[in-house]
Amino acid sequence: MMKLTIVKPLTLVMAFLALPMSTFAASSAPSWLQETMFASGKINTVVMVVSVVLIGIAIWMFALDRRLGKLERRAKEQTNAGQH
Amino acid sequence: MKGWWWKLLSVVLLLYVVIVGLGTPLGPALVHVSIDRIAPGPNSMEATGYNTHFATNAPEVWLENDGQRVCAMEVKVLSDVQFAAEFNVPEGFRTNLTSLWAWDAQDGQVVLREAFFTQGLGTGIGQDDCVVSDAARTSFAFPNRSILNETIRNLFFHVPMWFTMMVLMTIAFWQSLRVLRTGDLDADRMALSAVDVSLLFAALGLVTGSIWARATWGDWWTSDPKLNGAAVTVLIYAAYLILRGSVPDPHKRARLAAIYNIFAYVLMMVFIMVLPRLTDSLHPGSGGNPAFNQYDLDSTLRAVFYPAVLGWILLGIWAYTLHQRTARLRSIHDEANDR
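Definitions and cut-offs
- Residues numbered from 1 in each chain as written.
- Chains lettered and ligands numbered in written order.
- Predicted model: local features only at pLDDT ≥ 70, side-chain atom pairs only at ≥ 80, totals over all residues.
- Helix = DSSP H or I, 4+ residues; strand = E, 2+ residues; numbered from the N terminus.
- Rg over C-alpha atoms; globule rule 2.2 N^0.38 Å.
- Contact = placed C-beta atoms within 7 Å.
- Pairing = 2+ DSSP bridges.
- Axes fitted to C-alpha atoms, helices over the stretch in contact; angles between N-to-C directions.
- Domains from an automatic or database assignment.
- Core = buried A, V, L, I, M, F, W, Y, C linked by C-beta atoms within 7 Å.
- Buried ≥ 20, exposed ≤ 12 C-beta atoms within 10 Å, placed from the backbone.
- Parallel < 35°, antiparallel > 145°, perpendicular 65-115°, else oblique.
- Left-handed = near helix turned anticlockwise from the far one by under 90°.
- Nonpolar A, V, L, I, M, F, W, Y, C, P; charged D, E, K, R; others polar.
- Expected span 1.5 Å × (residues − 1).

### What about the overall build of chain B?
Alright, step 1. Regarding its fold elements, chain B presents six helices and nine strands.
Alright, step 2. For a compact globule of 339 residues, the expected C-alpha radius of gyration is about 20 Å, and chain B comes in at 27 Å, more than 25% above that figure.
Alright, step 3. Along the longest, intermediate and shortest principal axes, the C-alpha atoms of chain B span 95 × 40 × 25 Å.
Alright, step 4. Residue pairs in contact within chain B that sit at least 24 positions apart in sequence constitute 73% of those at least 6 positions apart.

### Re the sheet that holds strand β6 (residues 74-79) of chain B
Residues and elements named next belong to chain B.
Alright, step 1. With respect to topology, four strands assemble into an open sheet ordered β1-β3-β7-β6, the strand pairing being antiparallel. Two strands close off the open sheet at either side, each with one partner strand: β1 (29-33) and β6. For this sheet, the mean angle separating the axes of adjacent strands, direction not counted, is 30 degrees.
Alright, step 2. Relative to strand β7 (residues 82-89), strand β3 (residues 41-50) runs antiparallel, the two being bridged by eight bridges. If you follow M45 over to β7, its bridge partner there is A85.

### Some points on the pairing of strand β9 (residues 108-118) of chain B
All names here are of chain B.
Alright, step 1. As paired strands, strand β2 (residues 37-38) and β9 are joined by two bridges and run parallel to one another. Within β9, the residue paired with R37 across the bridge is F117.
Alright, step 2. Bridge count between strand β8 (residues 97-104) and β9: seven bridges; the pairing is antiparallel. Bridge pairing in β9 links L97 to F117.
Alright, step 3. Connecting the antiparallel pair β8 and β9 is a turn made up of three residues.

### Structural notes on the domain arrangement of chain B
Alright, step 1. Along its sequence, chain B is organised into domain 1 (29-118) and domain 2 (149-338).
Alright, step 2. Taking only C-alpha atoms, the centre of domain 1 of chain B and the centre of domain 2 of chain B are 47 Å apart.

### Here we look at the nonpolar core
Alright, step 1. Ranked by size, the top nonpolar core spans 61 residues in total, and within it M165(B), L168(B), M169(B), A172(B), A191(B), A194(B) and F201(B) carry the most contacts.
Alright, step 2. Elements that contribute at least two residues to this core include exactly α3 (43-83) of chain A together with α1 (5-23), α2 (155-182), α3 (185-216), α4 (225-245), α5 (250-278) and α6 (299-338) of chain B.
Alright, step 3. Here A194(B) is in contact with L168(B), I171(B), A172(B), Q175(B) and Y320(B), once residues within four sequence places are set aside.
Alright, step 4. Of all hydrophobic cores here, the second largest spans 25 residues; its members include I38(B), A72(B), A85(B) and A102(B).

### A short note on the packing of α2(B) against α3(B)
All names here are of chain B.
Alright, step 1. Interhelical geometry of α2 versus α3 gives an angle of 160 degrees and a closest axis separation of 8 Å. By the angle between their axes, α2 is roughly antiparallel relative to α3. For the pair α2 and α3, the sense of crossing is left-handed.

### Quick look at the sheet that holds β8(B)
Alright, step 1. The sheet built from five strands is open, its strands ordered β2-β9-β8-β4-β5 (chain B) with mixed pairing. Each of the sheet's edge strands pairs with one partner strand only, and the pair in question is β2 and β5 (68-71) of chain B.

### A short note on the interface of chain B and chain A
Alright, step 1. Listed per partner, the contact involves 25 residues of chain B and 21 residues of chain A.
Alright, step 2. The set of elements that each furnish at least two residues to the side of chain B that touches chain A consists of α2, α3 and α6 of chain B.
Alright, step 3. With eight residues, the top contributor of residues to the side of chain B that touches chain A is α3(B).
Alright, step 4. Class assignment of the residues belonging to the side of chain B that touches chain A gives a composition of 13 nonpolar, nine polar and three charged.

### Remarks on the packing of α3(B) against α5(B)
Helix packing geometry: the angle between the two helix axes and the distance between the axes.
Residues and elements named next belong to chain B.
Alright, step 1. At a minimum axis distance of 10 Å, the contact between α3 and α5 shows a crossing angle of 50 degrees. What the angle tells us is that α3 and α5 run oblique. Like other packed secondary-structure pairs, α3 and α5 cross with a definite hand, here left-handed. In this structure, α3 contributes L185, D188 and A191 to the contact, and α5 contributes P250, A254, A257, A258 and N261.
Alright, step 2. Class assignment for the residues of the contact of α3 with α5 results in six nonpolar, one polar and one charged.

### Some words on α2(B)
All names here are of chain B.
Alright, step 1. With 28 residues, α2 should reach 40 Å at 1.5 Å per residue; the first-to-last C-alpha distance of 41 Å fits that figure.
Alright, step 2. In terms of burial, α2 is a largely internal element, 20 of the 28 residues being buried.
Alright, step 3. Of the residues flanking the end of α2, it is G183, one or two places downstream, whose phi is positive at about 70 degrees.

See below:
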């Protein structure tokens, strides 16, 4: 059950990632991106900065997720203890 | 804040910031020229542009020295971003640094300032009959500053981190005042949540700033008042967390932490807003100059920067409310367990 729910979005994500790559492969002329943004080499700094922000927020989200999960487990244990 | 509309607003704003902030092209610029000195007589050179359109719009090319111009004798366009130019440099330029200018109908004027060391100086060239076009560029593009270039986009991802941090620290400050007024433990918990989330944004601000500094100033960290002030602020607030951990009694801890937090807030203001402005600094917004108005913040950047600030602040407040609600749940559980 768990596996199925993960696989479907994963294949979707892969498909979305593969789409633009195929268009890159098809065109031999340098794209607009390659000609402008990447030409200076400085866009990599922006890519890194945006990545750091996203990764930082993602880590924070995971930490909060764990904290909530712990609380949920404790709540479950308490209700179980109350029933017995 | 009540409701969900502001959470949606923050997502929409940040989506706009990513799309427009990364998708808008950088304005045209001259970035390189093949020679670095000119002398009286014929001089030929090749110049390289960035995001220019020389092939579709034949450029006018000229030299400028202390307001005096010399037009190119011959310009040969090699591509959209490259042309070769031939100059007959006269004797008698007044200053020893000469700039290279070009104009085309699509890009407007572009310049490589102080491009050439100039030989054969004098009291001025006799005749200056080089007439140039100055019709401006009309397309929507971010300014192309030397050294910054494409990294100017970091403005939307680095600066708002600090704004968000300051908003969250203001929330913490306010909650600490509430603790002192009422002794409310809920307010103490909210102050802790706000400080916790503000430190996330401070860390993001430090790391993104460090990466940006590496690309523009050449080093991951410079001993700059703004940078050190920000680092000290993070340490002061980290000490807030340590202080809390060392006091077991919750009521005593709440009052002590609140008093410390009020001092920390004032220190943060001094270290980030006051001290950097009193000395020279590489960092924009320091050395007596506020960041706004002065620092190249033109209308195209503003159109993305202001939404970015609002979007990130709303996201920060959202993160704070999540954190704070989790903490409340935990305290409810703890109380239930104690009974």
